Amino acid sequence: GKIAFQQVLKSEASVIPSLPRDLGCFLCMEIPRQARDDNVCRSDTVLCVIRMCFMSDQAQEMETILVVEDNEDVRLVLLTELEDEYEVLVATDGREGLDMAVLDVPDLVITDIMMPVLSGLELCKALKATEVTNHIPVVMLTARGKEDEQVEGLEVGANDYISKPFSIPILKMR
């Protein structure tokens, strides 16, 4: 693809991305799963690819957090709140999260428990059973707040368990 810059004012410029419709030219992890499945190049795909292509040196030195959450609103809140301080990777279910964790080996995984395809509990268990990912701390976010449910999460290897609704400052401190 191409990226063109057009100066609008002395201090402002427009960025005009031009990406091929064929998504095969991008690495699989650069393209949101929905776009890969639909094989169409939508605006969210363009933004994702641009974000990956223009990561600054500072962003490459940031710690990486993988957010695994099936609820789009919660994903967006986490991404928005964390992206200034961390490089944030996002997965929409446990299977996608596991694949990304093995490929990217993040510094932390934040996961919901109840998700399609692979639950957060199954994800955590798989991460802790895999040599390349068993050292990654896992924080579970969930609406399930009963003590026995928290124990279940901790038993499969989660390092922390935070009930929804959660506080971003508390999440960041943990």
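Residues numbered from 1 in each chain as written. Predicted model: local features only at pLDDT ≥ 70, side-chain atom pairs only at ≥ 80, totals over all residues. Heavy atoms only, no water.

1. Let's talk about the overall build of the protein chain
Right, on to step 1. Helix and strand counts for the protein chain stand at eight helices and seven strands.
Right, on to step 2. Sorting the 174 residues of the protein chain into buried and exposed places 36% on the buried side.
Right, on to step 3. Of the contacts made within the protein chain by residues no fewer than 6 positions apart, 47% connect residues no fewer than 24 positions apart.
Right, on to step 4. In the form shown here, the protein chain has an accessible surface area of approximately 10400 Å², with 51% of it arising from carbon and sulfur atoms. (Helix = DSSP H or I, 4+ residues; strand = E, 2+ residues; numbered from the N terminus. Buried < 20%, exposed > 50% of the residue type's maximum accessible area, 1.4 Å probe, protein only. Contact = heavy atoms within 4.5 Å. Areas by Shrake-Rupley, 256 points an atom, 1.4 Å probe, with all protein chains shown as cover.)

2. A few points about the pattern of salt bridges
Right, on to step 1. Throughout the structure, instances matching the rule amount to one salt bridge.
Right, on to step 2. Between aspartate 99 and arginine 95 there is a salt bridge; the shortest N-O distance is 3.7 Å. With aspartate 99 and arginine 95 both in helix H5 (residues 94-104) and four residues apart, the pair spans about one turn of that helix.
Right, on to step 3. Residue class for aspartate 99 comes out partly exposed when judged on its relative accessible area of 40%.
Right, on to step 4. By relative accessible area, arginine 95 is classed as partly exposed at 35%. (Salt bridge = Lys/Arg side-chain N within 4 Å of Asp/Glu carboxyl O.)

3. Points about the packing of H5 against helix H6 (residues 120-129)
Right, on to step 1. For the pair H5 and H6, interaxial distance at closest approach is 9 Å and the crossing angle is 20°. By the criterion of interaxial angle, the relationship of H5 to H6 is roughly parallel. Here H5 runs over H6; the crossing is right-handed. Here Gly94, Gly97, Leu98 and Ala101 of H5 come into contact with H6, specifically with Leu123, Ala126 and Leu127. (Axes fitted to C-alpha atoms, helices over the stretch in contact; angles between N-to-C directions. Parallel < 35°, antiparallel > 145°, perpendicular 65-115°, else oblique. Left-handed = near helix turned anticlockwise from the far one by under 90°.)

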